[in-house]
Amino acid sequence: MELGNKSNIFSKIFSSQSDRGNYTSAKGYENYFISYIGIDNEDIYNSEIYNLNREIKNKKNICLFKNNILNPDDFDIISYLKSKVSKYNGSVFDLDIDLVRYEEINNRIKRGFDILLKEENQNFNNDRVKFNFIIKVMSWIRIYINPLIIDYKDAPKVVFYGDIKKHELYFLLILYFAGFDILYINPNGLSEFENINIEKFKIELINNKIVQERISFDDRIQKGEIIEKSSIKKAYTVGAQASKKISDELLNDSGFIKPWQLQNRNIKSLLLSSTVDEVDIYWNEPLKLRPGFKFDNELVTLPVFFTKIDGVYKDLDEYYSLLEKLQVKDFSYFIQYDDNIRALTKPFTREGYNLSFFISNNGKLNKKSIIKEKCFSISNLSLRWQEIILDKVEESILSDMFIEGLTKDDIVKGLYSVLNMNERFVYLINSFDYASINPKLIIYIEKMRMFTKEIVFLLLVLSKIGFDIIIFTPGGVNCIENVINNQIVDIHRLDVINYNLKYMSNKHNINNTNKSVGSFLEKLFGKWSD
């Protein structure tokens, strides 16, 4: 599935104050109350729930409620609040009471109580009901809101998922009046929101198709993680003439990334969609200078090529020059594929079926047991790298990238091909600094050869861990398109198809090199006449 450059459907709630109007002591935060009801696209929705949860985990000023809020049972807090609220005489603001550690926020919350109680006064049958409501909501604030670490440059936030009760909605409104951002998410309907005046309270309502199936927040996170990791995402490179300018701009910011600084983070590959010329331009650039490279405290996004080039240039010198140029010393592995799998991985044997004991029925791996075996080529890598590779194997198993799907036999053979990958790959992985030049695999297919599923499985995993992969087929053979979703591979066709073209290493001499440079410039800027 291709999600492309989708935008975060919950992104507005995380927009900066500079995009809303900066905080002032008189005006306070520019805050939002957004209700996102229903679902537009199930897969994107689950993916964004997964990303939303990651965003929440990275911040200390957000409170998340995945379902209904439990009634308070901390009797010390309740006793304290009752003693204070017993002096209530029509104004919470006048009470000498500490709900949160920040004085200004504390006062704002007390004002929020007074606004809510005034606006919804008719919904409290008597003073006892109102008193109990105040105690309950104040307890929630002490328990859930007080621990937040609030930055006065950013509105604190509350996210609530699922059906909501009346007092819970009032709780959100009080915090909204106090300057909190509120995000309410319910795929199954408006719930209690049907009973309030949304326009009066300036609540932004985003309506989508209501779904009947009730899926928990945590289950959506799991579904979203699978979609997020298996979906096809592409970053589109800029034109060739602008590439140097962009590289210079990025170098000022990204060039100071220290060697190996990012290695403790998880990684995610981002497929680059480009022209052949742009493959040539970006191929030998550090990843930090490629479009789409980014990182946070947990994740590094690695923009990589997974490209297939069918046919050849009319000028064979130019074609061979491109092949030679892409073979970067110390970072690349060149293979002339002729059905000999050993250049990629160890041939499968019957003993390989023992791996089936490490694979559960749902495609999950017993990673600790696999690592303990210590008999595979990847066993020479660090434990961290072995774990990353096995994570990417799981992602590949759970994805929908293979046209005919994966049988249990396919999964066993795919896992075997990864665990026993050629030692050249192991060397390249061990030398890979995420912000620097990434490892590269160049495959040249002279004759009509087809890749097996286990080979494609290996290539997919290599791509997921940051390899650039480029496949040259001068005869235009469909070596991979019939195995894997062709949205994953960026396919280009050159001038002519040339069957059985042998690879001629170092064919071009100095004069031919100059000629190929000229033709490359012609590709960038076009031919001109005298």
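Just so it is clear, the model here is predicted, and its values are computed rather than measured.

**Concerning the overall build of the protein chain**
Check the secondary structure of the protein chain and you find 15 helices and 14 strands. Expressed as a percentage of the 530 residues in the protein chain, the buried residues total 54%. Sequence separation of 24 or more characterises 81% of the internal contacts of the protein chain that already satisfy a separation of 6 or more. Per element, the accessible surface of the protein chain, about 25,100 Å² overall, is 47% carbon and sulfur.

**Observations concerning the environment of Leu 148**
Assignment of secondary structure puts Leu 148 in the loop between α4 (127-145) and β3 (157-161). Each C-alpha atom of the pair Leu 148 and Val 100 lies 8.9 Å from the other, and the pair is 48 residues apart in sequence.

**Observations regarding the packing of aromatic side chains**
As enumerated under the stated definition, the model contains 33 aromatic pairs in all. Aromatic side chains Phe 10 and Tyr 36 sit 5.4 Å apart centroid to centroid with 80 degrees between the ring planes, which places their arrangement in the edge-to-face category. Taken together, the positions of Phe 10 in the segment before β1 (33-37) and Tyr 36 in strand β1 put the pair 26 residues apart, joining distant regions of the chain. Residue Tyr 36 is classed as buried on the basis of its relative accessible area of 6%. Taking 5.0 Å as the distance between ring centres and 50 degrees as the angle between the ring planes, the aromatic pair formed by Phe 124 and Phe 133 counts as tilted. Just as Phe 124 is buried, Phe 133 falls in that class too. Cluster of aromatic residues (ring-pair linked, three or more members): Phe 33, Phe 65, Trp 140, Tyr 144, Phe 160, Phe 171, Tyr 176, Phe 177, Tyr 184, Phe 193 and Phe 201. The ring of Tyr 32 has Lys 12 sitting right over it, with the charged end atom 4.7 Å from the ring centre. The ring of Trp 283 has Lys 440 sitting right over it, with the charged end atom 4.9 Å from the ring centre.

**Focus: the sheet that holds strand β10 (residues 306-310)**
Sheet architecture is open: five strands sit in the order β11-β12-β13-β10-β14, paired in parallel fashion. The open sheet has two edge strands, β11 (332-336) and β14 (490-493), and neither has a second partner. Going from strand to strand, the sheet's axes swing by 15 degrees on average, the running direction of each strand aside. The sheet contact formed by strand β12 (residues 440-444) and strand β13 (residues 468-473) spans five bridges and is parallel. Paired with Leu 441 across the two strands is Ile 469, which belongs to β13. The strands touched by helix α13 (residues 423-430) are β11 and β12; relative to β11, the strand with the most contacts, the crossing angle is about 160 degrees.

**Some words on helix α2 (residues 75-85)**
Along α2, the residues classified as buried are Ile 77, Ile 78, Leu 81 and Val 85. Considered in projection along α2, the buried side chains sweep an arc of 95 degrees and stay on one side of the axis. Among the exposed residues of α2, those oriented more than 90 degrees off its buried face are Phe 75 and Asp 76. You can read the cap of α2 off the contacts: a side-chain oxygen lies 3.2 Å from the backbone nitrogen of Asp 76, and it is on Asp 74.

**Let's talk about the packing of helix α11 (residues 383-398) against helix α14 (residues 453-464)**
Running from N to C, α11 and α14 cross one another at 120 degrees; their axes reach a closest spacing of 9 Å. Relative to α14, α11 is oriented oblique. Our pair here, α11 against α14, has a crossing hand that is right-handed. Between α11, through Ile 389, Lys 392, Val 393, Glu 395, Ser 396 and Ile 397, and α14, the contact on the second element is made entirely by Phe 457, Leu 460, Val 461 and Lys 464.

**Quick notes on the pattern of salt bridges**
Scanning all chains against the criterion turns up 24 salt bridges. Two residues, Glu 204 and Lys 12, come together in a salt bridge whose shortest N-O distance is 2.8 Å. In this pair, Glu 204 is assigned in strand β5 (residues 204-207) and Lys 12 in the segment before β1, connecting sequence segments 192 residues apart. The class for Glu 204 is partly exposed, based on a relative accessible area of 30%.

**Remarks on unusual backbone geometry**
Of note, Ser 191 is a non-glycine position whose phi angle comes to about 60 degrees, a positive value. A positive phi angle, close to 80 degrees, is found at Asp 339, a residue other than glycine. One can find Asp 339 in the loop between β11 and α10 (367-373).

**Concerning empty space enclosed by the protein**
Counted by the stated rule, this structure contains one cavity of 30 Å³ or more. Considering only enclosed or pocket space, the largest cavity measures out at about 30 Å³ in volume. If you go around the largest cavity, the residues you meet are Asp 330, Phe 331, Leu 428, Ser 431, Phe 432, Ile 437, Asn 438 and Pro 439. Considering only residue class, the lining of the largest cavity consists of five nonpolar, two polar and one charged.

**Some thoughts on the side chain of Ser 463**
By the secondary structure assignment, Ser 463 is in helix α14. Ignoring sequence-local partners within four residues, the contact set of Ser 463 consists of Ser 269, Leu 271, Val 304, Phe 306 and Ile 469.

**Topic: α11**
Counted at 1.5 Å a residue, the expected span for α11 with its 16 residues is 22 Å, and the 23 Å between its end C-alpha atoms agrees. Every buried residue belonging to α11 is among Trp 385, Gln 386, Ile 388, Ile 389, Leu 390, Lys 392, Val 393, Glu 394, Glu 395, Ser 396 and Ile 397, and all of these are buried.

**Examining the pairing of strand β7 (residues 266-273)**
Most of β7 is tucked away, with seven of its eight residues classed as buried. The pairing of β7 with strand β9 (residues 299-304) spans six bridges and is classified as parallel. Bridge assignment links Lys 268 to a residue of β9, and that residue is Thr 301.

**Description of the sheet that holds β3**
Strands sit in the order β2-β3-β4-β1-β5 across an open sheet of five strands; the sheet is parallel. This sheet does not close on itself; its edge strands, each paired only once, are β2 (62-65) and β5. Between one strand axis and the next, the sheet turns through 10 degrees on average, direction left out of account. As paired elements, β2 and β3 share four bridges and run parallel to each other. Bridging from a neighbouring strand, Leu 64 pairs with Val 159 of β3.

Procedures and definitions
Residues numbered from 1 in each chain as written. Predicted model: local features only at pLDDT ≥ 70, side-chain atom pairs only at ≥ 80, totals over all residues. Heavy atoms only, no water. Helix = DSSP H or I, 4+ residues; strand = E, 2+ residues; numbered from the N terminus. Buried < 20%, exposed > 50% of the residue type's maximum accessible area, 1.4 Å probe, protein only. Contact = heavy atoms within 4.5 Å. Areas by Shrake-Rupley, 256 points an atom, 1.4 Å probe, with all protein chains shown as cover. Phe/Tyr/Trp six-rings, centres within 6.5 Å; stacked < 30°, edge-to-face > 60°. Lys NZ or Arg CZ within 6 Å of the ring centre and 35° of its normal. Pairing = 2+ DSSP bridges. Axes fitted to C-alpha atoms, helices over the stretch in contact; angles between N-to-C directions. Arc of directions from axis to C-beta. Polar contact = N/O pair within 3.5 Å; in protein donor to acceptor, adjacent residues only side chain to side chain. Parallel < 35°, antiparallel > 145°, perpendicular 65-115°, else oblique. Left-handed = near helix turned anticlockwise from the far one by under 90°. Salt bridge = Lys/Arg side-chain N within 4 Å of Asp/Glu carboxyl O. 1 Å grid on protein atoms, 1.4 Å probe; cavity = no way out; pocket = protein on both sides within 12 Å on 5 of 7 lines; lining within 4 Å. Points joined across faces, edges and corners; volume = space filled by probe spheres on them. Nonpolar A, V, L, I, M, F, W, Y, C, P; charged D, E, K, R; others polar. Expected span 1.5 Å × (residues − 1).

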